[in-house]
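Residue-level structure breakdown
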Amino acid sequence: METEVRTPPTICGMGHRMKRKEDARFLFGKGRYVDDIKLPGMLYMDIVRSPFAHARIKSINAERALAMDGVVAVITGKDLEKYNLHWMPTLMGDTQMVLPTDRVMYQAQEVAAVIATDRYIAADAVEAIEVEYEPLEPVVDPFRALEPDAPVLRTDKGKTDNHIWHWEVGDREATERAFQEADVVVKQQIYIPRIHVASIETCGCIADYNPAEGKLTVYMTTQAPHVVRTALALVAGHVGLSEEKIRVISPDIGGGFGGKVPTYPGYVIAIAASVLLGKPVKWIEDRSENLQADSFARDYHITAELAATKDGKITALRIKTLADHGYTDAAANPSKFPAGLFSICTGSYDIKHAFVEVDAVYTNKPPGGVAYRCSFRVTEAVHAIERMVDVLAQKLGMDPAELRFRNFVQPDQFPYKSALGWEYDSGNYPAALRKAMDLIGYEELRREQAERRARGELIGIGISSFTEIVGAGPSRHFDILGIKMFDSCELRIHPTGKAIARFGTKSQGQGHETTYAQIIAEELGIPAAHVQVEEGDTDTAPYGLGTYASRSTPTAGAAAAMAARKVREKARKIAAYLLEVSEEDLEWEPGVFRVKGAPDKSVTIQEIAFAAYTNHPPGMEAGLEAVHYYDPPNLTFPFGSYICVVDIDKGTGQVKIRRFVAVDDCGHVINPMIVEGQIHGGLTMGFAPAMMEELVYDEEGNILTGSFMDYLLPTAVETPRWETARTVTPSPHHPLGAKGVGESATVGAPAAIVNAVVDALSPYGVTHIDIPITPYKVWKILHEKGVV
Ligand code: CDP
């Protein structure tokens, strides 16, 4: 099945490969990012950061800095304490320092801020500030954090250990029984390391407090402007910043990937500085600050087990995980999901019994947890189950594709209730895997592999058949800071039949200006070129929870369709009036109402729009507009099957991805070109942590990968050529049958790559390798296993 194209290219509704409307300004260098904005009298902020992972601050001497020409102020935790602004809440109900008053908790933590007339003066003044520290024993390893004699980090919360929370789901006893009765059990430790998104644009803001109006405008790199405004009002209401006095504007954003969801201390310090000084204050992170201090992702230490019959029917899954959250739990998860949506870990398989538990701990590292295009821990879940299926296949001596086919949730089982409580909306997993196998020539590859193995060559084939869960979310379960996770569209049709649509989401490069316009074009027949889309200004956009975790299409995309349908209903009434028939006598085709049986009697949406302001029916309000707040009835469950083929160089341990086929299914597609772009980007962001990226700390808590010299990102040179294809299984509950797609590929790709590498090395007894799979890691294995 493919998405039906119902509109001509002049209208460009769903299914058209419309070129992105926003690209012209990006390609001409006319994008407007925070750092492009310069306000009169603007000051610049730079931040003093801790060299220690854990230390007491004995003193801060700012005398030399304050004496420098151009330095306006130095702000410390003690200054903020006077206004009770030295701590702030995190999205997970924990607390985080804005600036410390006595202790620092990770290397690169904010210690003080300099405000100056010039960015370079601010940077020089940072160097001139003398901070005396008393180093304390750091807690770096999360397992060490749980030992009884480990230093307790959060004494401010009255804690007596470093344990944050325990979370579990599933039936422990039934799972236990299934394991006891199983023919075969496999168990594997899997570490999914700490990584960082490294989007092109770092984080930053301009806080502009106007003392005459008592109004604060913050231009900010945020994926969730409305939530930030509400949070600011809750935190700073007591100093006069109530919600109507705060305007958050999120201009163009150069990549977010979750890293621009949290409220970072830098934002709050810049706001405090602007309020205190009555001038605009700009703060833009440099690359190392971004890498060392902003929200990270993963850091899950997983022990996974599968139980199965000897012919390969999986009967139970058990997972125990230790999650390293850094010094505060600042993961940007929905409130009720401390471990995100990790419980999607039964994946694409019909597993009767499952039990999952996660324990979170504090360590002396930066806070965060989910910021890497990961749909709230779905990557961790997919990695665990997709690795375990291969571990089981190896143990059973069965082809991993065959094992997957034997265990897939079957198409006729949808809606499918998983053992861990999710109701999958739709899927056809065997079709996606079959398509990927046909595209790559799976059977032929296995034959080639057997021949080459006989010659001692290392070739591996890896599969990942993942299930995603996106579209947070239904208000009965999903909220952030108590605010339900709906999203919104406000649509207004102008007299000449052109439109403006505003949304509660915020694109960071996903192309919303194009795809939302296409949705409205699809529903109303107004050319997408004439639908102006706006997001990111809390003074004008309707309230929404923002863009992350591939939620925009499932929530705001649906809101766009619903708002357009409301407009169409009013348009129908006006059309009936204009054509002097009853509404029931009208039929709709994109952009036109026609009288049934008299197709030449018709009125276009443009004529109707004009009439809405000039000649509307008596008793009807003028105008043509609608608002919709969409509360999704369920999440959407995109899926896919990826197959990766690798060749390994025995001499160097270098893994070369020969081919990578990705078959994705995100239901109906709004813009196939944008979806392909999302998948290409997502695959590259799956390849990166699989092969290169890792935030590494030494035993003192020093970050060893604090710049791009050591934190490796793939360029076009390293990135494989992606071969993509699609199946279309519509979501039954989304108004357009669409599912989210932005994060699918990042979620699904790493396991395919690892499975391929392990497959290549499996004849030598290798069952697992933790990512990133560096040449050195592989080279060591080759030597340890006596392969060379
Ligand atoms: O929330 P975010 O925008 O990151 O993710 P998304 O909802 O998966 O959408 C990413 C981009 O792909 C948007 O421009 C969507 O409109 C587009 N998309 C699409 O064209 N068709 C789909 N079925 C899903 C997404």
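Here the structure is a predicted model, which is why all the values come from computation and not from measurement. (Residues numbered from 1 in each chain as written. Predicted model: local features only at pLDDT ≥ 70, side-chain atom pairs only at ≥ 80, totals over all residues. Heavy atoms only, no water.)

With that settled, the discussion passes to empty space enclosed by the protein. Under the counting rule described, the total for this entry stands at four cavities of 30 Å³ or more. Looking at the largest cavity, its volume works out to about 80 Å³. What lines the largest cavity is a set of 14 residues, and nearest its centre among them are G258, V370, F376, Y548 and A549. Split by residue class, the lining of the largest cavity holds 10 nonpolar, two polar and two charged. Looking at which domains feed residues into the lining of the largest cavity, each of domain 1 (34-136 + 203-284) and domain 2 (296-472 + 634-784) supplies at least three. (1 Å grid on protein atoms, 1.4 Å probe; cavity = no way out; pocket = protein on both sides within 12 Å on 5 of 7 lines; lining within 4 Å. Points joined across faces, edges and corners; volume = space filled by probe spheres on them. Nonpolar A, V, L, I, M, F, W, Y, C, P; charged D, E, K, R; others polar. Domains from an automatic or database assignment.)

The strands that make up a sheet pair up through hydrogen bonds in the backbone, lying either parallel or antiparallel. A sheet is described by the order of its strands in space; here four strands give the open sequence β25-β24-β23-β29, paired in mixed fashion. Both edges of this open sheet fall to β25 (531-535) and β29 (625-630), since each of them pairs with a single strand only. Averaged over neighbouring strand pairs, the angle between their axes works out to 15° when direction is ignored. As paired strands, strand β24 (residues 499-503) and β25 are joined by five bridges and run parallel to one another. Bridge pairing in β25 links A499 to V531. (Pairing = 2+ DSSP bridges. Helix = DSSP H or I, 4+ residues; strand = E, 2+ residues; numbered from the N terminus. Axes fitted to C-alpha atoms, helices over the stretch in contact; angles between N-to-C directions.)

The next subject is the nonpolar core. Counting 140 residues, the largest nonpolar core has W422, F660 and L761 as its most contacted members. With 11 residues, helix α18 (residues 744-761) is the largest single contributor of residues to this core. Among the nonpolar cores identified, the runner-up in size contains 49 residues, and I493, Y516, A521 and A611 belong to it. (Core = buried A, V, L, I, M, F, W, Y, C linked by side-chain atoms within 4.5 Å. Buried < 20%, exposed > 50% of the residue type's maximum accessible area, 1.4 Å probe, protein only.)

Our next topic: the layout of surface pockets. Considered as a void within the structure, the second largest pocket measures approximately 540 Å³ in volume. If you go around the second largest pocket, you meet 31 residues; those closest to its centre are A231, L232, V235, T263 and V268. Counting residues per element, the ones that place at least two in the lining of the second largest pocket are β4 (87-89), α7 (225-236) and α8 (265-277). The leading source of residues in the lining of the second largest pocket is α7, at seven residues.

Our next topic: the pairing of strand β20 (residues 458-467). Along any regular strand the residues' side chains alternate between the sheet's two faces. In terms of burial, β20 is a largely internal element, 10 of the 10 residues being buried. On β20, burial covers both faces: L458, G460, G462, S464 and F466 on one face and I459, I461, I463, S465 and T467 on the other are all buried.

Okay, the sheet that holds strand β30 (residues 639-648) next. The strand order β20-β30-β31-β32 describes an open sheet built from four strands, whose pairing is mixed. At either end of the open sheet lies a strand with only one pairing partner, and these are β20 and β32 (722-726). For this sheet, the mean angle separating the axes of adjacent strands, direction not counted, is 15°. Note that strand β31 (residues 655-665) and β32 share five bridges and pair parallel. Residue pairing in the sheet places V661 in a bridge with E723 of β32.

Residues in close proximity to the ligand total 23 residues, the closest being Q510, H512, S552, T553 and V741. Measuring from a nitrogen atom of the ligand, one finds a backbone N or O atom of H668 at 2.8 Å. Within the backbone of N671, one N or O atom sits 3.0 Å away from an oxygen atom of the ligand. Burial of the ligand by the protein amounts to 98% of the accessible area it has alone, namely 520 Å². Looking at the shell around the ligand element by element, the count peaks at three residues for helix α17 (residues 672-691). Residues belonging to the shell around the ligand are distributed by class as follows: eight nonpolar, 13 polar and two charged. Mapped onto the domain boundaries, the shell around the ligand takes at least three residues apiece from domain 2 (296-472 + 634-784) and domain 3 (487-630). (Near = heavy atom within 4 Å. Polar contact = N/O pair within 3.5 Å; in protein donor to acceptor, adjacent residues only side chain to side chain. Areas by Shrake-Rupley, 256 points an atom, 1.4 Å probe, with all protein chains shown as cover.)

Here α18 contains 18 residues, and its C-alpha end-to-end distance of 27 Å stays within 8% of the 26 Å for a straight helix at 1.5 Å per residue. Counting buried positions along α18 yields 18 of 18 residues, so the element is predominantly enclosed. (Expected span 1.5 Å × (residues − 1).)

Another point: the environment of A690. For A690, the position within the fold is in helix α17. It is 5.1 Å that separates the C-alpha atoms of A690 and P750, two residues lying 60 residues apart in sequence. When residues no more than four places from it in sequence are discounted, the contact partners of A690 are P750, I753, I771, P772 and I773. (Contact = heavy atoms within 4.5 Å.)

The next subject is a nonpolar patch on the surface. Nonpolar side chains collect at one region of the surface, where Y83, V239 and L276 lie side by side and expose about 250 Å² of accessible area between them. Assignment of secondary structure puts L276 in helix α8. (Patch = residues over 30% accessible without salt bridge, like charges linked within 9 Å, V, L, I, M, F, W, Y side chains within 5 Å. Salt bridge = Lys/Arg side-chain N within 4 Å of Asp/Glu carboxyl O.)

Another aspect to go through is the UniProt feature "domain: Aldehyde oxidase/xanthine dehydrogenase a/b hammerhead" (unreviewed entry) in the chain. In the numbering used here, UniProt assigns the feature "domain: Aldehyde oxidase/xanthine dehydrogenase a/b hammerhead" (unreviewed entry) to residues 28-137. Within residues 28-137, the helical portion is 17% and the strand portion 37%, while the C-alpha atoms at the span's ends are 52 Å from each other. (UniProt positions renumbered as here; feature names shortened; annotations may be inferred.)

A few words now on the pattern of salt bridges. Taken as a whole and judged by the stated rule, the model has 60 salt bridges. In this structure, D94 and R154 form a salt bridge, with 3.5 Å as the shortest nitrogen-oxygen distance. Of this pair, D94 sits in the loop between β4 and β5 (95-97) while R154 sits in the loop between α5 (142-145) and β9 (163-170); the two residues are 60 residues apart in sequence, bridging distant segments of the chain. Residue class for R154 comes out buried when judged on its relative accessible area of 0%.

Put simply, F414 and P415 share a cis peptide bond, and its omega is -5°. With respect to the helices and strands, the residue P415 is situated in the loop between α11 (400-407) and β18 (416-417). A cis geometry characterises the amide bond from I771 onward to P772, with omega recorded as -5°. Note on placement: P772 falls in the loop between α18 and α19 (775-784). Of note, the phi angle at R373 is positive, near 45°, even though the residue is not glycine. Positive phi is not limited to glycine here, since E580 has a value of about 55°.

Per the domain assignment, the segments making up the chain are domain 1 (34-136 + 203-284), domain 2 (296-472 + 634-784) and domain 3 (487-630). Each of domain 1 and domain 3 has a C-alpha centre, and these two points are 41 Å apart. Summing both partners gives a buried area of about 1400 Å² for domain 1 against domain 3, and 49% of it is carried by carbon and sulfur. The largest contributions to the domain 1 side of the interface with domain 3 come from Q223, H226 and R247, which together make up 40% of the buried area. At the boundary of domain 1 and domain 3, one finds three salt bridges. Residue D539 pairs with R247 through a salt bridge whose shortest N-O separation is 3.5 Å. (Buried area = accessible area lost by both parts, 1.4 Å probe.)

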